[in-house]
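Coordinate inspection notes
Chain residues, written in single-letter form:
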Amino acid sequence: MPILFAPLNVELQVTKINVPDDTKHHLANLGVLVGAILVVIADLHGNLIIKVKDGRLAINKDVAMKILVA
Amino acid sequence: MKKFALAGNPNCGKTTLFNALTGATAHVGNWPGVTIDKREGIYKKLEEPVEIVDLPGIYSLSPYTPEEIISRNYILDEKPDCVINIVDGTNLERNLYLTTQLLEINIPVVIAVNMIDIVAKKGDAILVAEIEKKFNVPVVEISALREKGIHVLMQKALEASLQTRDAISVLEDSKLAPLINKISALLLERGLNNPLFHAIRFIEQDDFELKKHHDLIETADEIKETIPVDGFGDDYEGLIASLRYKYVAQNFSRAIVRKIQNTTVTKSDKADRVLTHRLWGIPIFLFIMLLIFHLTFGSDLLLLNSIFGLQINGDFWTMLFQVEAGSGIPSPGVFLQSWVIYLLEDLLIPFVASWINIAWIQSLVADGILAGLAAIFSFFPQIMMLFLFLSILEDSGYMARIAFIMDRTFRRFGLSGKAFLPMMMCFGCGVPGAMATRTLETEKERRLTLMVSPFFSCGAKLPIWLAFGSLILGGQHGTFVVFSMYLLGIGVAIIAAILLKKAAFKNEASPFIMEFPSYHTPKFSNLMKYLWDKLKHFLFRAATVIAASIIVIWFLSNFSWAFWTGMVTIENSMLASIGRFIQPIFIPLGFGIGSDGWRFVVGIFSGLIAKENVVATLEQLAGSGGIATLIGSMDLASAYSFMAFNLLTIPCMAMVGAVIGELSKKRYVFETIGFWLAASYVVSLVIYWSIRFWWIGVSLLATLLIIVIISAVIHRPRQARV
């Protein structure tokens, strides 16, 4: 499912990222890539704050729609 | 001299370390991407002085962003004697990702684990020896902020720089090893420096490398067929990134000894629950902004007088606060301003004037230079207060959150929330604001932000609002006048952004992806250093550009075209005839009407050099009655029209220069300047006639409303895109 619909404070594993190459690259640099473990810690009208390793990453709804997790 | 380069992720403390090493006062922000160009300085405490180069923050060495290209080219081409790789100890795994790439270059590397004080505070520890063993490079724990461990770091870097280091790759034990070895051997045969680095870039399908070695593509494809595929398909870049992360996670998860599991909620997270709350986030932000404005410009602190009737009376207290009896306690900004005005205008200028006997020198020094400079200096305290608050917001990490909560709103104007930082900086000064647009991803977003950026009233424009605020509307509504100008700027920026998005740019904002730094309390000495830097900048401007233009204006306004015949009254001066010649253009805007019109016209033109000039020039041109009579005799409509024109028109030379620097094509420069002229003229026109004849304002508002309703009906809001 898209991470947009994922429950809060649960560990999720990234299964697929459907974004253009440059965005995908940027996300990979920040630690968001297939296989990575993410936790959604806040949801502001679809814009999410996610925990990636020890960092906090803010993404907007469009991106959250395209990161698929299980 | 040896050269050491500082490389690391954005916001890992590179600039703080750079400042600590070199004694520089480069601006540090708790916001990714503050360092945009490389900076150089010298560290003097080793046996020999070494040059320190601060590279922009990067997440990787792939050439995607301008920052990555600058840093990568520097390390590859300039071959520094040592690369000091700064990693944020509070987010070790993510930061070591870049390290794995740096190690692939044949260059000495020293790893500095920064923010060790914060790690220790959490009760955690980092096993430095583990990292040293695996990567075979020196690792030093430091705290750049507390200036701990930095000398040891430099000694290690000096030692490392005396030796060579062979590149290693964490991919050497992966399934890609045969491919990497083959390509890197082939590149070595071609006599290429750093074959390992280039080989891995080549396998990542880096366009530049593929073009350069296109004949190797076949060989690579043959080997690729023998490698088992997995979830990444032919996305080798993704595969390599994931292998790097896997390596780091496997090898270094033990390097961090945690007191408590990292699943627990940090203090930053708790703060975020309030500050980025889905409902309260924006109101809290607006409240903070209002408080900042109040502390800077308010004449009745916390409304103590209005609500509780707390007044200042008695000679001692009115003298101390520099207010009239019966007023409230002034805000810190107003308090400081009153003192500066008192010292300059009531003490210094009369004192200097009394010492000079020759009429024209007295006129030049006292009425020209000193009066003009005093007009500007009196606004320094408030400009500095505003800078102080803005840098606290940025340094604490709150600014990044504001960008995030504003993103949803900004998207409607075709901008990402990231455009918010450059805009906020423009409230201080447009020059760093314009430079900060580089953190935006697409050129359209950059151009759109640059076009509206002068509308965010900068510190140098503030004197105009304050001067008018104290003289129009009976002088009783200064805060309101100032605030209304800030709101007008924001309002025009919003409308302009919507129109530009619909008519010219037709763009969608780039996705918002941004790291949140942890909140921290700004360090007092850093804030003061930053303010001192700004103050020096303003003083320098006052002493050079502004003083020079004051002298030119003094000359033009005290002499006629036959200047050898001696001084004349201002009405017969050269400046008056120039002003009167241009004046007709501004008659439709109100302030160009009448015998004083030319003075305002000249004021506007002097503002093109520096906006601080506007008030100084009006002061010089005001004639016998002074600026109070000049502005006081204006009607409200002309006054607002004049202020609006100054707010929206072509900004100062420095800002125009900065904007040109950010635009890639000449055509964009002309478009931008034309846009500023058009916007200022049209808005001032509308303001003048709307205030003059209320029914014009009302009918314009009604028309606007109808247009909005019609377009809302036609363009039904789209469903969320899936």
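Residues numbered from 1 in each chain as written. Chains lettered and ligands numbered in written order. Predicted model: local features only at pLDDT ≥ 70, side-chain atom pairs only at ≥ 80, totals over all residues. Heavy atoms only, no water.

**Some points on a nonpolar patch on the surface**
A contiguous nonpolar patch, built from W689, F693, W694, W695 and V698 of chain B and spanning about 570 Å² of accessible area, is present on the exposed surface. Within the secondary structure layout, F693 of chain B lies in the loop between α32 (666–692) and α33 (694–714). (Patch = residues over 30% accessible without salt bridge, like charges linked within 9 Å, V, L, I, M, F, W, Y side chains within 5 Å. Areas by Shrake-Rupley, 256 points an atom, 1.4 Å probe, with all protein chains shown as cover. Salt bridge = Lys/Arg side-chain N within 4 Å of Asp/Glu carboxyl O. Helix = DSSP H or I, 4+ residues; strand = E, 2+ residues; numbered from the N terminus.)

**Some remarks on the nonpolar core**
Residues and elements named next belong to chain B. The biggest cluster of nonpolar side chains holds 117 residues, and the ones touching the most others in it are F455 and F468. If near-sequence neighbours (up to four positions away) are discounted, F468 is found in contact with L618, I631, M634, A639, F642 and M643. By size, the runner-up hydrophobic cluster in this structure holds 60 residues, among which are V87, I107, I203 and A255. (Core = buried A, V, L, I, M, F, W, Y, C linked by side-chain atoms within 4.5 Å. Buried < 20%, exposed > 50% of the residue type's maximum accessible area, 1.4 Å probe, protein only. Contact = heavy atoms within 4.5 Å.)

**Re the environment of I687 of chain B**
Residues and elements named next belong to chain B. Position of I687 relative to the elements: it lies in helix α32. Spatially, the C-alpha atoms of I687 and E141 are 60 Å apart, while their sequence positions differ by 546 residues. Residue contacts for I687: discarding those within four places in its chain leaves L488, Y640, S641 and A644.

**Digging into the interface of chain A and chain B**
Between chain A and chain B, the contact holds 33 residues from the first and 39 residues from the second. Both faces considered, chain A and chain B share a buried interface measuring about 3300 Å² in area, 57% of it formed by carbon and sulfur atoms. The interface formed by chain A and chain B includes 3 salt bridges. Of the charged contacts in the structure, one is a salt bridge between D235 of chain B and K24 of chain A, with a shortest N-O distance of 3.7 Å. Elements supplying a minimum of two residues to the side of chain A that touches chain B: α1 (21–29), β2 (37–44), β3 (47–52), β4 (55–59) and α2 (61–66) of chain A. Here the side of chain A that touches chain B takes 8 residues from α1 of chain A, the largest share from any one element. Of the residues contributing to the side of chain A that touches chain B, the split by class is 14 nonpolar, 9 polar and 10 charged. Bridge count for β4 of chain A against strand β9 (residues 513–516) of chain B is 4 bridges, and the pairing is antiparallel. (Buried area = accessible area lost by both parts, 1.4 Å probe. Nonpolar A, V, L, I, M, F, W, Y, C, P; charged D, E, K, R; others polar. Pairing = 2+ DSSP bridges.)

**Focus: the domain arrangement of chain B**
Residue and element names in this part refer to chain B. Here chain B is partitioned into domain 1 (2–161) and domain 2 (177–251). For domain 1 and domain 2, the distance between their C-alpha centres works out to 26 Å. Contacts between the two partners involve 19 residues from domain 1 and, on the opposite side, 20 residues from domain 2. Note on domain 1 versus domain 2: buried area summed over both sides is about 1700 Å², and carbon and sulfur give 54% of it. Looking at the side of domain 1 facing domain 2, the largest losses of area belong to R72, Y97 and E104, adding up to 35% of the total buried there. (Domains from an automatic or database assignment.)

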